[in-house]
Amino acid sequence: MHYLEAIEQLSFSTWVSESKSLLAYPTVLWLHVMGMGLVVGISTMIGLRLLGVSPKIPLQPLERLYPLIWAGFWVNAATGTALLMASASKRMVDPTFYIKMVFIFVGIAVLRLTRKKVFRNLGPDGALPDGAKPLAWAALICWLGAVIAGRLLAYI
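Residues numbered from 1 in each chain as written. Predicted model: local features only at pLDDT ≥ 70, side-chain atom pairs only at ≥ 80, totals over all residues. Heavy atoms only, no water.

A. Quick peek at the nonpolar core. By size, the foremost hydrophobic cluster in this structure holds 23 residues, and its most contacted members are Ile 46, Leu 50, Leu 59, Ile 69, Val 118 and Trp 143. For this core, the elements supplying multiple residues, two or more each, are helix 3 (25-50), helix 4 (66-86), helix 6 (95-117) and helix 7 (132-155). Per-element accounting of this core gives the leading share, six residues, to helix 7. Ignoring anything within four residues of it in the chain, the contact list for Leu 59 reads Arg 49, Leu 50, Val 118, Phe 119, Leu 122 and Leu 128. In terms of nonpolar packing, the next biggest core, distinct from the first, is built from five residues, Val 16, Val 28, Leu 83 and Ala 86 among them. (Core = buried A, V, L, I, M, F, W, Y, C linked by side-chain atoms within 4.5 Å. Buried < 20%, exposed > 50% of the residue type's maximum accessible area, 1.4 Å probe, protein only. Helix = DSSP H or I, 4+ residues; strand = E, 2+ residues; numbered from the N terminus. Contact = heavy atoms within 4.5 Å.)

B. Just the packing of helix 3 against helix 4, in detail. Taken N-terminus to C-terminus, the directions of helix 3 and helix 4 make an angle of 145 degrees; their axes are 8 Å apart at the nearest point. Crossing handedness for the pair helix 3 and helix 4: left-handed. Contact residues: Tyr 25, Val 28, Leu 29, Leu 31, His 32, Gly 35, Met 36, Leu 38, Val 39, Ile 42, Ser 43 and Ile 46 in helix 3; Tyr 66, Leu 68, Ile 69, Gly 72, Phe 73, Val 75, Asn 76, Thr 79, Gly 80, Ala 82 and Leu 83 in helix 4. Its residues assigned to classes, the contact of helix 3 with helix 4 comprises 16 nonpolar, seven polar and no charged. (Axes fitted to C-alpha atoms, helices over the stretch in contact; angles between N-to-C directions. Left-handed = near helix turned anticlockwise from the far one by under 90°. Nonpolar A, V, L, I, M, F, W, Y, C, P; charged D, E, K, R; others polar.)

What follows is the structure in structure tokens.
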């Protein structure tokens, strides 16, 4: 436990958690929310399209959104680490944090599988390959679970 408190006492951690500057906690949290919006929003849009919502929208062009998803992911990785460092002794002992991490890691794996197994195997008329819908459901469940667990971290 002492190492968690040592992380919280680092000057960067203290700055994030205690500074009155708008560049500290408010900006880090805002960037985290924006990154989450990219990852969860675009992934949800792709998942819903795979499930048949808005079938007139062509699926193949949506693959071009993957770089935005990855940009959001890396913003979240950096800002999430900063937020974690600011309250390490509280978050690192909370099982909800680990539940959130499992949802995120599985969600990322599902994103990669979706790109590999769905976007690379679309039929000539845009027909979905086998397994597209279960991947879509898995993505929706993972991102919903990650968001809910993340919000619960603030309240429990």
